[in-house]
Amino acid sequence: MTSLLGRFKGRREPTSAEIAKERLKLVLVSDRSDLAPEKLHEMQTAIIDVIKRYIRIDEMEVQIKFEQRDRKNYLVADIPLQRERAYEALAAPPESSDEGEEAEESELPEASAEPEEEATVEAQPEDDEAEPEKE
Amino acid sequence: MGARVITITSGKGGVGKTTATANLAVALANLGKKVVCIDADIGLRNLDVVMGLENRIVYDLVDVVEGRCKLRQAMVKDKRVPDLYLLPAAQTRDKTAVSPQDMVALANQLRGDYDYILIDSPAGIEWGFRNALAPADEVIIITNPEAPAVRDADRIIGLVEAEGRKIPTSLVINRAKPDMIRRGDMLSVNDVLDILSTPLLGVIPDDEQIIVSSNRGSPLTLDNQKSPASEAIRDIARRITGAKIPIGELERKKGGLFRRLARLFHRSRA
């Protein structure tokens, strides 16, 4: 069922019911586990810190969430690993100022994730080698 | 075994527990069942007023427990329906006058003669709630589609689970406002079910007639009124007796509020 709700979710501000649901889910995690919300946050930070000791991760994209299935809570972590190339691309500033309006938008920090991925594709040496073959 | 003892509780106060209890009791009695309601809210009794039986009380629950009268003497018969009785709470006593063991003993005394014993639990999670829960064969949790009520309902569900007796628990969502749900300004039925993961027994739409009926001391389900809330409560009563009435399907056949409610229910469920 992605028709109405799904379409709206991406576009507009969340409704007050959606906000209530999210807030409830969060508060119930600490109610049920008897762990203060501040402690939950602390734990999430600690988990990320431990993982960072062993592997490079894309910290901006890390999601550690509590999920509820039936009446049980699960701690679900979505931790993208940092690829070597992606890491380099991050260091280099993305160059794309062809279209004025879109360039302004890409300056927003939220939008930074996607252009980086595009940059990595361009930076791959295989692409350069492919062009002579076509000719 | 005899009667089924059903405790109606909510955690949060003001969600409509007492009104739901009164109306369910009347609806069950109208289905030909023998019903007794026990008001477990000692010190703050109200079920008598909602049922319109406040002027006929002679003895109360504490009088029975403390041996000042026989159980039969304390039970007030509702003359408007075939087999409905109220065992009122004491108004001037402290809640500690009754213990969970007293409630179990009381329920056992009544089991043989009735089909349903409905216990109206006080709000909160303390003594009165413990009393109401002790003899329960089943628990009905009443909640509203509002964050504080849902949170408290979750707490209550947890406490019932922690009891360790595996008491079957079901949920009634009271005061649903279909228009607000459609606008996204009220948790939908499925939002609440998503969070509480408890079987749904029914949805009662918000209905001004409920207040009118409380004013009169005449539960909506007494006469076969066409009000949305009373129809929803009668459906819940039928479900309690084992009738298979799909919650969405039935509501779709009806007009107005019900149809909209059902549509929202299905929309988010699919």
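**Student:** With reference to specific residues and values, describe the interface of chain B and chain A.
**Tutor:** Counting residues at the interface gives 20 residues for chain B and 16 residues for chain A. Overall, the association of chain B and chain A removes approximately 1600 Å² of surface from exposure, summing both partners, and the carbon and sulfur fraction of that is 57%. The tally of links from chain B across to chain A stands at four salt bridges. Taking the shortest distance from any N to any O, the salt bridge between B:D191 and A:K21 comes out at 3.2 Å.

**Student:** Quick one: what's the story with the confidence of the model for chain B, residue by residue and with numbers?
**Tutor:** Should pLDDT be low for a region, the predicted coordinates there are not to be read in detail. Residue and element names in this part refer to chain B. Of the residues in chain B, 91% have a pLDDT of 70 or more, and the chain-wide mean is 91. Ignoring residues within four places in sequence, the model shows residues 249-255, a span with pLDDT below 50, making 14 contacts including any to other chains. Every residue in residues 266-270 is under pLDDT 50, and counting partners more than four places away or in other chains gives 10 contacts. Model confidence for the complex is summarised by a pTM of 0.76, with the ipTM given as 0.81.

**Student:** Account for the confidence of the model for chain A, with residues named and values stated.
**Tutor:** All names here are of chain A. Looking at chain A as a whole, its pLDDT mean stands at 67, while 53% of the residues score no less than 70. Within chain A, the lowest mean pLDDT, 39, falls on helix α6 (residues 113-123), and the highest, 90, falls on helix α2 (residues 16-33). Note that residues 97-135 has pLDDT below 50 and, in this model, 15 contacts with residues that lie over four places away or in other chains.

**Student:** Please give an account of the nonpolar core that cites residues and values.
**Tutor:** Residues and elements named next belong to chain B. Within the largest apolar cluster, 39 residues are counted, with the highest numbers of intra-cluster contacts made by L24, V35, M51, L84, L118, I140 and I240. Ranked by the residues each element gives to this core, the list is headed by helix α1 (residues 17-30), at eight residues. Setting aside anything within four residues of it in sequence, one finds M51 in contact with A22, C37, D78, R80, L84, L86, G217 and P219.

**Student:** Explain the pairing of strand β6 (residues 138-143) of chain B to me, using residue names and the numbers behind them.
**Tutor:** Residues and elements named next belong to chain B. The buried fraction of β6 amounts to six of the six residues, a majority that puts the element mostly inside the structure. Neither face of β6 is exposed, since E138, I140 and I142 on one face and V139, I141 and T143 on the opposite face are all buried. Bridge count between strand β1 (residues 4-9) and β6: four bridges; the pairing is parallel. Paired with I6 across the two strands is E138, which belongs to β6. In terms of strand pairing, β6 meets strand β7 (residues 169-176) through five bridges, oriented parallel. What sits directly across from I140, in β7, is S170. Between the parallel pair β6 and β7, the chain is carried across by helix α7 (residues 147-162), and the sense of this crossover is right-handed.

What counts as what
- Note that residues are indexed from 1 along each chain, following the sequence as it is written.
- Chains and ligands are labelled by the order in which they are written, letters from A for the one and numbers from 1 for the other.
- Residues qualify for local features only when their pLDDT is at least 70, as the model is predicted, and side-chain atom pairs are given and counted only at 80 or more; totals for whole chains, interfaces and linings, by contrast, use all residues.
- The side-chain values count all of the structure's non-hydrogen atoms but skip hydrogen atoms and water molecules.
- Note on contacts: a residue pair qualifies if any of its non-hydrogen atoms lie within 4.5 Å across the two residues.
- By definition, the buried area sums, over both parts, the 1.4 Å-probe accessible area that each loses when the two are put together.
- Here, a salt bridge means any Lys or Arg side-chain nitrogen found within 4 Å of an Asp or Glu carboxyl oxygen.
- pLDDT measures how confident the predictor is about each residue, on a scale from 0 to 100.
- Counting from the N terminus, the helices are DSSP H or I runs at least four residues long and the strands are E runs at least two residues long.
- Throughout, nonpolar core names a set of buried Ala, Val, Leu, Ile, Met, Phe, Trp, Tyr and Cys residues whose side chains join them through atoms within 4.5 Å.
- Residue exposure (1.4 Å probe, protein chains only): buried if accessible area is under 20% of the type maximum, exposed if over 50%, otherwise partly exposed.
- Pairing between strands requires that DSSP locate at least two bridges from one strand to the other.
- We call a crossover right-handed when, viewed with the strands running away from us, the connection from the first strand over the helix to the second turns clockwise.

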